[in-house]
Amino acid sequence: MKILITGGNSSTALKLLKAFKAYNVILADYGDVPSFSSTNYHFKTLGVKNEDTIAHTLLNNCLDEGIDVILPLHNFEIEAVAKAEILFNEFNIEVLLPKADDLGRYLNGHKANDWAVFKNGEVVFITNADESIIANGNAEQLNGVFYFNHEDENLVCNLITV
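Owing to the predicted nature of the structure, the values given are computational and were not obtained by experimental measurement.

How each quantity is defined
- Residues numbered from 1 in each chain as written.
- Predicted model: local features only at pLDDT ≥ 70, side-chain atom pairs only at ≥ 80, totals over all residues.
- Heavy atoms only, no water.
- Helix = DSSP H or I, 4+ residues; strand = E, 2+ residues; numbered from the N terminus.
- Contact = heavy atoms within 4.5 Å.
- Pairing = 2+ DSSP bridges.
- Expected span 1.5 Å × (residues − 1).
- Buried < 20%, exposed > 50% of the residue type's maximum accessible area, 1.4 Å probe, protein only.
- Salt bridge = Lys/Arg side-chain N within 4 Å of Asp/Glu carboxyl O.
- Phe/Tyr/Trp six-rings, centres within 6.5 Å; stacked < 30°, edge-to-face > 60°.
- Lys NZ or Arg CZ within 6 Å of the ring centre and 35° of its normal.

Chemist: Hey, could you go over the environment of Lys18 for me, with residue numbers and the actual values?
Modeler: Along the polypeptide, Lys18 turns up in the loop between helix H1 (11-15) and strand E2 (24-29). Sequence separation between Lys18 and Thr127 is 109 residues, and the spatial gap between their C-alpha atoms is 9.6 Å. Apart from residues lying up to four places away in sequence, Lys18 is in contact with Trp115 and Phe125.

So this is what it looks like as structure tokens:
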């Protein structure tokens, strides 16, 4: 399976590589990107950033690369891609983001040391070995990569962005 992770020039995107070891990862970003590649990942430029055509640019790149899953990390991409999720799904490209109507709940910018990757509510990777802290929360609708912590016995998740 192939995944395209945007914000490829960021340290956050590089940290996510360990969560997607079973995938062929493309780290994409706007402008210049490193020419380095390995057997598990490579970098790709998305060209010049044009915020008016973000979803279109990302969909074209996904189709060109045969992408199965897209994980947008840039703040300016998240809403556009979430709103275009149906279009991505029509081309069998899964979007790892919450639903567009739910984005506001997860974009408050709070960062924590622990993070997890959720795919349709299921934890597929977690930095903390104790998954019970997630199981006690309300994570069944999460989709994407989130920082998490507990406050007053409740799970607090914040979408990871760059």
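There's plenty left to go through after this.
Chemist: An account of the pairing of strand E7 (residues 122-126) is requested, with residue identities and associated values reported.
Modeler: Taken together, the four bridges between strand E6 (residues 115-119) and E7 define a ladder with antiparallel strand orientation. By the bridge assignment for E7, Lys119 is matched with Glu122. Connecting E6 to the next strand, E7, in antiparallel fashion are two residues, including Asn120 with a positive phi near 55 degrees.

Chemist: Can you lay out helix H2 (residues 54-65) for me, pointing to particular residues and giving the numbers?
Modeler: Here H2 contains 12 residues, and its C-alpha end-to-end distance of 17 Å stays within 8% of the 16 Å for a straight helix at 1.5 Å per residue. Taken residue by residue, H2 has Ile54, Ala55, Thr57, Leu58, Leu59, Asn61 and Cys62 as its buried positions. Close packing links the buried residues of H2 with strand E1 (2-6), strand E3 (41-45), strand E4 (69-71), helix H3 (75-83) and helix H4 (85-90). At the C-terminal side of H2, Gly66 shows a positive phi close to 70 degrees.

Chemist: Residues and numbers for the pattern of salt bridges, please.
Modeler: Close approach of charged atoms lets side chains of opposite charge pair. As enumerated under the stated definition, the model contains six salt bridges in all. Note that Lys49 and Glu51 form a salt bridge whose closest N and O atoms lie 3.5 Å from each other. Exposure remark for Glu51: the relative accessible area of 49% places this residue in the partly exposed category.

Chemist: Can you break down the packing of aromatic side chains residue by residue, with the values?
Modeler: With the rule as written, the count across this model stands at seven aromatic pairs. Ring geometry for Tyr106 and Phe146: centres 5.3 Å apart, planes at 75 degrees, overall edge-to-face. Residue Tyr106 is found in the loop between strand E5 (94-95) and E6, and its partner Phe146 is found in strand E8 (residues 144-151); the two are separated by 40 residues along the sequence. For Phe146, a relative accessible area of 0% gives the class buried. Each member of the aromatic cluster is reached from another via a ring pair, and the members are Phe36, Tyr41 and Phe43. Lys49 extends its terminal NZ or CZ atom over the ring of Phe76, reaching a point 4.4 Å from the ring centre.

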